[in-house]
Amino acid sequence: MHCEANGDNTTEERRYFLSVLSTFESYREQSIIRIERREKYLLSLPPDHQLWLKRYNEDLENFKKCVHKNADFIPIIVENAYTIFDNILCSDNRSHSETEVGTLSEGLDKVQSVFKQLMRDWSSLGATERKQCYNPIIEEIEFQFPPEKFQLKDVNVLVPGAGLGRLAFEIASRGYSCQGNEFNLFMLIVSFYVLNLCKKVNEFTVYPWIHQYCNNLTAEQQMMSVTFPDVRPMPTPESKFSMTAGDFLEVYSIPNEWDCVATCFFIDCAANVVQFIELIHHILKPNGVWINLGPLLYHYSDVKYEKSIEPSFQVLCEVIKKVGFTMEKSQTGLKTRYCQNPMSMLQYEYNSVFFVCRKSPE
Ligand SMILES: C[S@@+](CC[C@H](N)C(=O)[O-])C[C@H]1O[C@@H](n2cnc3c(N)ncnc32)[C@H](O)[C@@H]1O
């Protein structure tokens, strides 16, 4: 799998890339600081409280061990991150003047979500979520483009918002030409490593929920580990599987290029979802198919200083038709989860929508 960076190789982009690496590198220290804050507070409590919470104090020690194990994976991915974009973004290693780039303020959360996303996409524990979320899409692609009627390698499928790449990888593994697109560098750096450089099944162990301090029945549940990758991502010929780095709205503009666009937990990532729908329609070939599964958890809704609109599914269906699609299938109420700790007292489950739309044959 190769990765293409889109846009100009500006100093700003390179600095952002280095800040992401720097944020990854700060994970160990920042996460330990957060545990130490709890320890400090514990030490300030009345002595009998401290005594009764002895076990919790020991738990905090063990949480640190898990953070260290998560952190051990980071130098491995950072070391290889420089080779990602065919050397576009990273012509050589960090130069001396660039060692002072800062970390990103929201960065620690992003590193933590990468560990959860590794569970979803590349661990055996994530198989249930993948079955709920990815299988309906894959089965629909196989139904729309069966091997008896199509040369699978000539069917090109785009997966915008590809996350850690498992859905795109699964589609490519079935013989289709598949391209994932993702703009989050934290995801891209980790997916690049998993897809290109992981050599053995279950080579690594991470603790996806070690930062989830609430709703645990036992400390062991917080310390639950997963191994990855659950399969060895077999290299497929480059023409069949690739990832692009950049904003879907900026990377894709060529009309009539794709046979299929598959979106999973993606369309609600737009400030204006209509722009996503229009672009999907524009880049699909005549008769091309858009397959979507996910909720409408509009990401920018109520985010301070961000613009956002949040049309209901009913309104979206009207928009989809106005843009020029025919909705061929539509289901509601698909029980789906996203990076869920199965042991937590708090369980989120979406009643997702699944639909299949076709662009008119011109
Ligand atoms: C909720 S996640 C879903 C990831 C994956 N499809 C899955 O189901 O696990 C949405 C993904 O879309 C990416 N994303 C959001 N807006 C994007 C955009 N405009 N261009 C490219 N990727 C985007 C995010 O970084 C994130 O990885």
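Rules used throughout
Residues numbered from 1 in each chain as written. Predicted model: local features only at pLDDT ≥ 70, side-chain atom pairs only at ≥ 80, totals over all residues. Buried ≥ 20, exposed ≤ 12 C-beta atoms within 10 Å, placed from the backbone. Helix = DSSP H or I, 4+ residues; strand = E, 2+ residues; numbered from the N terminus. Near = placed C-beta within 6 Å. Nonpolar A, V, L, I, M, F, W, Y, C, P; charged D, E, K, R; others polar. Pairing = 2+ DSSP bridges. Core = buried A, V, L, I, M, F, W, Y, C linked by C-beta atoms within 7 Å. Contact = placed C-beta atoms within 7 Å.

A.B. asks: Explanation requested: helix α7 (residues 166-173) in the structure shown.
C.D. replies: In an α-helix, one full turn covers 3.6 residues, which means residues spaced three or four apart are oriented alike. For α7, the buried fraction is high: 7 of the 8 residues fall into the buried class. By the burial criterion, the buried members of α7 are Arg166, Leu167, Ala168, Phe169, Glu170, Ile171 and Ala172. Where α7 ends, the next residue or the one after it, Gly175, has phi of about 105°, a positive value.

A.B. asks: Would you explain the site of the ligand in this entry?
C.D. replies: Taken together, the neighbourhood of the ligand is formed by 19 residues, with Gly161, Gly163, Asn184, Phe248 and Cys269 sitting nearest. Contributing elements (two or more residues each) for the shell around the ligand: β3 (177-182) and α10 (248-251). Residue composition of the shell around the ligand, grouped by class: 12 nonpolar, 4 polar and 3 charged.

A.B. asks: When you look at the pairing of strand β6 (residues 241-245) in this model, what are you seeing that I'm missing?
C.D. replies: Moving residue by residue along a regular strand, the side chains alternate between the two faces of the sheet. For β6, the tally of buried residues reaches 4 of 5 residues, placing the bulk of the element in the interior. Pairing of β3 with β6 involves 5 bridges; the strand directions are parallel. Looking at β6, one finds that Glu182 is bridged to Ala245.

A.B. asks: Teacher, can you tell me more about the nonpolar core here?
C.D. replies: Grouped burial of nonpolar side chains is what soluble globular proteins tend to show. The biggest cluster of nonpolar side chains holds 87 residues, and the ones touching the most others in it are Val157, Ile171, Ile189, Val190 and Ala262. Here this core takes 10 residues from helix α8 (residues 185-197), the largest share from any one element. Each residue touching Ile189, except ones within four places of it in the same chain, is listed here: Val20, Ile77, Ala81 and Ile84.

Structural measurements only, silent on function.
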